[in-house]
Amino acid sequence: MSDVRVFNAADRFVDAQHWWIAAELCRRHPEFAMLEVGHEEMGSSIAVLGEVEGCAARVGLSRVGGIRVSGVDDFCIAPPEVLSEPNAHGVLKRVERALGVPAPSHNMRTTRENIGYRVIAQILTTKVNDRRSWTLRGERQEDPHVRDGVPWMGEAAQWPSVLELRRRWGAEAAVGEVYDAPCAQAWLLMADLGPVAVFDRYGFVRAEDGACDLMLMYREARGDIAVVAAEIVCSQS
């Protein structure tokens, strides 16, 4: 969730909680994916999109507006309530009930589609007290098609690993539709608004010096997301 303004003190705590809730929602329900949404008055926010019983479903998570479920007008969890909740699982379950989706009957696996969300959420959580502000800029629906370039990534758009990703988007667009799901194709992780890494929807993290397979890192870490997040941050320090 990116803005060019200086962040309020509590923004990083709210962002970390919102990202954890959104990432877990996508892990527990693979039909959901994430997108960034820009607002002129409220700044940027994240949205979780998918379908519930054949109908479009949407959860918005905003620093200003809190957590809202589209079509459920009386549902809102304000940021102070999110931060005061003893356990974020409680907020997650309230969102699931508002969406009308049951909690999964078994522990859902981490996949290429959702591992990036989980790693980003972990990085934001571990960096809440860092001297730098850590934030994200994800693809938005009003951004140019990724085959036409990614100007919103700034200088990261010219990293060799991102140029490789852009070629993959071009090849995919030549034989079909890149946007087979309403989700961001990539997320740019920033520290003090400077590019650190790009997470793509294929399960890779890309930096100026190359790309790494997140699922391979996850297996080597024996399923510990915290270890994966730490490796990524340390490699870019």
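Okay, so let's go over this structure. None of these values were measured; they are calculated from a predicted model.

Remarks on empty space enclosed by the protein
Phase 1: Inspection of every chain in the model, using the stated rule, returns two cavities of 30 Å³ or more.
Phase 2: Roughly 90 Å³ of internal volume is contained in the largest cavity.
Phase 3: If you trace the largest cavity, you find it lined by Arg112, Glu113, Gly116, Tyr117, Ile120, Ala184, Gln185, Ala186, Trp187, Phe199, Asp200 and Arg201.
Phase 4: Of all the secondary structure elements, the ones that give two or more residues to the lining of the largest cavity are helix H4 (115-126), strand E7 (186-191) and strand E8 (194-200).
Phase 5: Take the lining of the largest cavity: its biggest share by element is three residues, from H4.
Phase 6: For the lining of the largest cavity, the residue count by class is six nonpolar, two polar and four charged.
Phase 7: Here the second largest cavity defines a volume of roughly 30 Å³.
Phase 8: Along the walls of the second largest cavity sit Arg12, Leu124, Lys127, Arg132, Ser133 and Trp134, which together make up its complete lining.
Phase 9: Among the residues making up the lining of the second largest cavity, the classes are represented as two nonpolar, one polar and three charged.

Here's the deal with the packing of helix H1 (residues 11-28) against H4
Phase 1: In contact at an axis separation of 8 Å, H1 and H4 are set at 160 degrees when each is read in the N-to-C sense. Relative to H4, the element H1 is oriented roughly antiparallel. Two packed elements cross with a definite hand, and for H1 against H4 that hand is left-handed. Of H4, the residues touching H1 (which contributes Asp15, Ala16, Trp19, Trp20, Ala23, Glu24, Cys26 and Arg27) are Tyr117, Arg118, Ile120, Ala121, Leu124 and Thr125.
Phase 2: When its residues are assigned to classes, the contact of H1 with H4 shows nine nonpolar, one polar and four charged.

Examining helix H7 (residues 225-235)
Phase 1: When H7 is considered as a whole, its buried residues turn out to be Ile225, Val228, Ala229, Ile232 and Val233. Around the axis of H7, the buried residues are gathered within 130 degrees of arc, so they sit on the same side.
Phase 2: Summarising the contacts, the buried residues of H7 are in contact with H4, strand E6 (134-138), E8, strand E9 (204-207) and helix H6 (214-220).
Phase 3: Measuring from the backbone nitrogen of Ala226 back to the side-chain oxygen at the start of H7 gives 3.0 Å, which picks out Asp224 as the cap.

Brief notes about the nonpolar core
When a protein is soluble and globular, its nonpolar side chains tend to lie buried together.
Phase 1: Membership of the largest hydrophobic core comes to 59 residues, with the highest contact counts inside it found for Trp19, Ile67, Val119 and Phe199.
Phase 2: Among residues more than four places away in sequence, those in contact with Phe199 are Gly116, Val119, Ile120, Ile123, Gln185, Ala186, Trp187, Leu189, Phe204, Val205, Leu214 and Ile232.

Overview of the pairing of strand E4 (residues 66-69)
Phase 1: Note: strand E3 (residues 55-62) against E4, four bridges, orientation antiparallel. Its bridge partner being in E4, Val59 is matched across the sheet by Val69.
Phase 2: What sits between E3 and E4 in their antiparallel hairpin is a turn of three residues.
Phase 3: The turn linking E4 back onto strand E5 (residues 76-77) is made up of six residues, and Gly71 within it adopts a positive phi angle of 90 degrees.

With respect to unusual backbone geometry
Phase 1: Unlike most non-glycine residues, Leu193 shows phi in positive territory, near 65 degrees.
Phase 2: Relative to the assigned elements, Leu193 resides in the loop between E7 and E8.
Phase 3: Even without a glycine there, the phi angle at Arg222 is positive, about 55 degrees.
Phase 4: The residue Arg222 is located in the loop between H6 and H7 in this model.

Remarks on the sheet that holds E6
Phase 1: Pairing is antiparallel across the open sheet formed by five strands, whose spatial order is E6-E7-E8-E9-E10. This sheet does not close on itself; its edge strands, each paired only once, are E6 and strand E10 (210-213). In this sheet, adjacent strand axes meet at a mean angle of 25 degrees when their direction is disregarded.
Phase 2: As paired elements, E9 and E10 share four bridges and run antiparallel to each other. When the bridges of E10 are listed, Phe204 appears paired with Asp213.

Thresholds, definitions, all that
- Residues numbered from 1 in each chain as written.
- Predicted model: local features only at pLDDT ≥ 70, side-chain atom pairs only at ≥ 80, totals over all residues.
- Heavy atoms only, no water.
- 1 Å grid on protein atoms, 1.4 Å probe; cavity = no way out; pocket = protein on both sides within 12 Å on 5 of 7 lines; lining within 4 Å.
- Points joined across faces, edges and corners; volume = space filled by probe spheres on them.
- Helix = DSSP H or I, 4+ residues; strand = E, 2+ residues; numbered from the N terminus.
- Nonpolar A, V, L, I, M, F, W, Y, C, P; charged D, E, K, R; others polar.
- Axes fitted to C-alpha atoms, helices over the stretch in contact; angles between N-to-C directions.
- Parallel < 35°, antiparallel > 145°, perpendicular 65-115°, else oblique.
- Left-handed = near helix turned anticlockwise from the far one by under 90°.
- Contact = heavy atoms within 4.5 Å.
- Buried < 20%, exposed > 50% of the residue type's maximum accessible area, 1.4 Å probe, protein only.
- Arc of directions from axis to C-beta.
- Polar contact = N/O pair within 3.5 Å; in protein donor to acceptor, adjacent residues only side chain to side chain.
- Core = buried A, V, L, I, M, F, W, Y, C linked by side-chain atoms within 4.5 Å.
- Pairing = 2+ DSSP bridges.

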